[in-house]
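# Overview (structure and organization)
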Amino acid sequence: MPGPLPPTEVYASERVVVLVSCVLSFLGSSLLVCTHALWPELRTRPRQLLLYLSLADLLSALSYFYGVLQDFDRTSWDCVLQGALSTFSNTSSFFWTMAIALYLYITIVRGSPTGTGLLCCFHVVSWGVPLGITVAAVALKKIGYDASNVSVGWCWVNLDAEDRVLWMLLTGKVWEILAYVTLPVLYILIKKHINRAVSILLLSLSEYRPILSRAPAFQPRTSIADKKLILIPVIFIILRIWSTVRFILTLCNSPAVQNSVLVVLHGIGNTFQGGANCIMFVLCTRVVRTRLFSSICCCHYDELDWPLQRSNDWQCPEPHKNKDVPGPERTKPLLSST
């Protein structure tokens, strides 16, 4: 590998932007955790996985905030500590993001029952693998000052490590690239399955005149669910791609890695995941958003009803039950439009 590039200078304005992104991510992750803690009716299995993702993003935002605030210029004990925390939390965030997609694929597409065994497996992989990698990296002194060529002021893989490319891959990049491939594939399969199930449902309903008028009501809900299924991997890639671009530029020893726009986009992309999840699963989720605004305004909406099936924002309400309408296929859970 060619010799390292000179350190990238992170200007004060760039640091301010990234610090604001860290704060917003921290607030977004905190809000997701609070909604889970305050409202038991929202504690579905998918949102339980989202809680663990939010905890990882919360720790990630805190560690990045400290790193950007310090703007390290050498390896020190707090540089190593910050680098270890951000490595662990960032890698764990990748695993929990993929775990949510895998869970939805197993339950919606495969129709397989899930229990505590699968959740335990997710815990072992999503916490255990990042922890093992981080402990190994710290023990072998691979975490340290990286001249901000593959970061934005924080510490990551030590610039002086001869095998730094290998450790950059192990401590983040290989999992990031794996997520680029895995997430779109899984969500496309889920989306196709939902569209096929809805088509079968509407076709069945069309044979029954008394309930024909209810059929179009499913189309807006599934349409919004489709948009969410598309946006989840798209937002992830939009946020994370800039760090991958700078990583590749660093491998090529290109001075473009120090471009100010790339630096800012990298900083925002690595730190704003918690904020993006909050926008997607709180502010853009009708059931949670209405409940949140109701609590903030200290008022009560009489029209709101909170049965268990409404609280599961990953599922559409079951269609009108009629003993003449065939089919468990029609009532298979779908991702919610809310």
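Just so you know, these numbers come straight off a predicted model, no measurement behind them. (Residues numbered from 1 in each chain as written. Predicted model: local features only at pLDDT ≥ 70, side-chain atom pairs only at ≥ 80, totals over all residues. Heavy atoms only, no water.)

## Describing the overall build of the chain
What counts here: In this description a helix means any DSSP run of H or I spanning at least four residues, a strand means any run of E spanning at least two, and both kinds are numbered starting from the N terminus. Any residue under 20% of the maximum accessible area for its type is buried, any over 50% is exposed, and the rest in between are partly exposed; the area is computed with a 1.4 Å probe on protein chains only. Should any heavy atoms of two residues lie within 4.5 Å, those residues are counted as being in contact. The method behind every accessible area is Shrake-Rupley, applied with a 1.4 Å probe, and residues are considered shielded solely by the protein chains displayed.
A tally of helices and strands in the chain yields 10 helices and 2 strands. Each helix and strand of the chain, placed in order from N terminus to C terminus, yields the pattern α-α-α-α-β-β-α-α-α-α-α-α. Considering the chain as a whole, with its 338 residues, one finds that 50% of them fall into the buried category. In the chain, 76% of the contacts between residues at least 6 apart in sequence involve partners at least 24 apart. Carbon together with sulfur atoms contributes 67% to the accessible area of the chain, which is approximately 15600 Å² in total.

## Observations regarding the UniProt feature "transmembrane region" (unreviewed entry) in the chain
Let me state the cut-off plainly: UniProt positions are given in the numbering used here, feature names are shortened, and annotations may be inferred rather than shown by experiment.
With numbering matched to this structure, UniProt assigns "transmembrane region" (unreviewed entry) to residues 16-37, 49-67, 87-106, 118-140, 166-190, 229-249 and 261-284. Taken end to end, residues 87-106 is 100% helix and 0% strand, and its two terminal C-alpha atoms sit 29 Å from one another.

## Description of the pattern of salt bridges
Keep this limit in mind: A pairing counts as a salt bridge when a side-chain nitrogen of Lys or Arg comes within 4 Å of a carboxyl oxygen of Asp or Glu.
According to the stated counting rule, one finds 3 salt bridges in the structure shown. Between Glu41 and Arg291 there is a salt bridge, and its shortest N-O distance comes to 2.4 Å. Placement of the pair is Glu41 in the loop between α1 (12-38) and α2 (45-70) and Arg291 in helix α9 (residues 286-296), with a sequence separation of 250 residues. Notably, a salt bridge pairs Glu176 with Lys173, separated by 3.0 Å at the nearest N-O pair.

## With respect to helix α4 (residues 116-139)
So the rule is basically this: Here a helix's expected span is defined as the number of its residues, less one, multiplied by 1.5 Å. At any given residue, the bend is defined as the angle formed between two axes, one fitted to the seven residues that end at that position and one fitted to the seven that begin there.
Here α4 is 24 residues long and its end C-alpha atoms lie 33 Å apart, about the 34 Å a rise of 1.5 Å per residue gives. If you look at α4, its biggest bend is around 30°, right at Gly128, and the proline Pro130 turns up within four residues after that. Taken as a whole, α4 has its buried residues at Leu119, Phe122, Ser126, Pro130, Ile133, Thr134 and Ala137. Within two residues after α4, Lys141 carries a phi angle of roughly 60°, on the positive side.

## Details of the state of the cysteines
The cut-off we apply is this: Cysteine sulfur pairs qualify as disulfides if the two atoms are within 2.5 Å.
A complete count under the given rule lists 1 disulfide for this structure. Paired by a disulfide, Cys79 and Cys155 hold their sulfur atoms 1.9 Å apart. A torsion of -115° about the S-S bond marks the disulfide between Cys79 and Cys155 as left-handed. Within this pair, whereas Cys79 is found in helix α3 (residues 77-110), its partner Cys155 is found in the loop between β1 (143-144) and β2 (156-157), the two being separated by 76 residues in sequence. This pair shows no difference in class: Cys79 is buried, exactly as Cys155 is. Sulfur of Cys120: no disulfide; nearest cysteine sulfur belongs to Cys121 and is 8.8 Å away. Cys120 sits in the partly exposed class, given a relative accessible area of 45%. Free cysteine: Cys278, not disulfide-bonded; nearest cysteine sulfur from Cys284 at 9.4 Å.

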